[in-house]
Amino acid sequence: MRLALVVVFLAAVVFILLATQEANTATWIPLDLPFSNQTISSPLIGWIGGSFGIGLLLGYLAALPGRFGAARTAKKAQKELAKVEASRSEAASARAAAASSRTGAPTSSSDAAEMQQLADKVAARTEATVKRDA
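Residues numbered from 1 in each chain as written. Predicted model: local features only at pLDDT ≥ 70, side-chain atom pairs only at ≥ 80, totals over all residues. Heavy atoms only, no water.

Draft legend 1. How the structure looks around the overall build of the protein chain. When helices and strands are counted, the protein chain shows four helices and two strands. Listing each helix as α and each strand as β along the protein chain from the N terminus yields α-α-β-β-α-α. Dimensions of the protein chain, computed from C-alpha atoms along their principal axes, come out at roughly 125 × 40 × 10 Å. Counting only residues that meet the buried cut, the protein chain has 4% of its 134 residues in that class. Within the protein chain, contacts between residues separated by at least 24 positions form 8% of all contacts whose residues are at least 6 apart in sequence. As displayed, the protein chain has an accessible area near 11,400 Å², and 67% of this comes from carbon and sulfur atoms. Averaging the locations of the 14 positively and 10 negatively charged side chains of the protein chain gives two centres separated by 3 Å. (Helix = DSSP H or I, 4+ residues; strand = E, 2+ residues; numbered from the N terminus. Buried < 20%, exposed > 50% of the residue type's maximum accessible area, 1.4 Å probe, protein only. Contact = heavy atoms within 4.5 Å. Areas by Shrake-Rupley, 256 points an atom, 1.4 Å probe, with all protein chains shown as cover. Lys, Arg positive; Asp, Glu negative; His and termini not counted. Charge placed at Lys NZ, Arg CZ, Asp CG, Glu CD.)

Shown next, in the form of structure tokens:
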């Protein structure tokens, strides 16, 4: 990549040196405008520079739709990423809730009441067994 930039830079320097020679600045080139009787005259270097500037402008304008499309695609990707992150956090909270229900941790007041009743039954059976064995 750097080698290509160096080659392009050297080529640009050579072209500038060739374009700015005395023969190119002294020679005036007329341009007859169509549909009128007017003529524009300029040195050759002016026509070369103007053509180069118009080419740069047209290249920039040709690249604008691609930039807008890339910006639109980036915004869509960011929205999609936000949706994925939200669903990932929801899934993580659902996994945590499922894991806590498997370990026996109460998740609501009705679950806590059922567990208390079961604990009371187990305690009553244990107490009856201890009395019977004694």
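Draft legend 2. Inspection of the pairing of strand β2 (residues 39-43) at higher detail. In terms of strand pairing, strand β1 (residues 28-32) meets β2 through five bridges, oriented antiparallel. The residue bridging D32 from the neighbouring strand is T39, located in β2. The turn linking β1 back onto β2 is made up of six residues, and F35 within it adopts a positive phi angle of 65 degrees. (Pairing = 2+ DSSP bridges.)

Draft legend 3. Main features of the layout of surface pockets. Taken as a whole, the largest pocket holds about 200 Å³ of empty space. What lines the largest pocket is A12, F15, I16, A19, T20, I45, I48, G49 and F52. When residues of the lining of the largest pocket are traced back to their parent elements, those giving at least two are α1 (2-19) and α3 (44-102). Split by residue class, the lining of the largest pocket holds seven nonpolar, two polar and no charged. (1 Å grid on protein atoms, 1.4 Å probe; cavity = no way out; pocket = protein on both sides within 12 Å on 5 of 7 lines; lining within 4 Å. Points joined across faces, edges and corners; volume = space filled by probe spheres on them. Nonpolar A, V, L, I, M, F, W, Y, C, P; charged D, E, K, R; others polar.)

Draft legend 4. Local environment of the side chain of S42. Structurally, the position occupied by S42 is in strand β2. Given the relative accessible area of 18%, S42 is considered buried. In this view, S42 contacts T27, W28, I29 and W47; residues no more than four positions away in its chain are not counted.

Draft legend 5. Up close: α1. End to end, α1 covers 26 Å across 18 residues, agreeing with the expected 26 Å (1.5 Å per residue, within 8%). Of all 18 residues that make up α1, one are buried, and the element is exposed over most of its length. (Expected span 1.5 Å × (residues − 1).)

Draft legend 6. Fine view of unusual backbone geometry. A positive phi is found at F35, a non-glycine position, where the angle reads about 65 degrees. Considering the arrangement of structural elements, one finds F35 in the loop between β1 and β2.

Draft legend 7. Summary view of the environment of S36. Here S36 lies in the loop between β1 and β2. Residues S36 and A26, 10 residues apart in the sequence, show an inter-C-alpha distance of 26 Å. Among the polar contacts made by the side chain of S36, one reaches the main-chain carbonyl oxygen of L33 at a distance of 3.5 Å. (Polar contact = N/O pair within 3.5 Å; in protein donor to acceptor, adjacent residues only side chain to side chain.)

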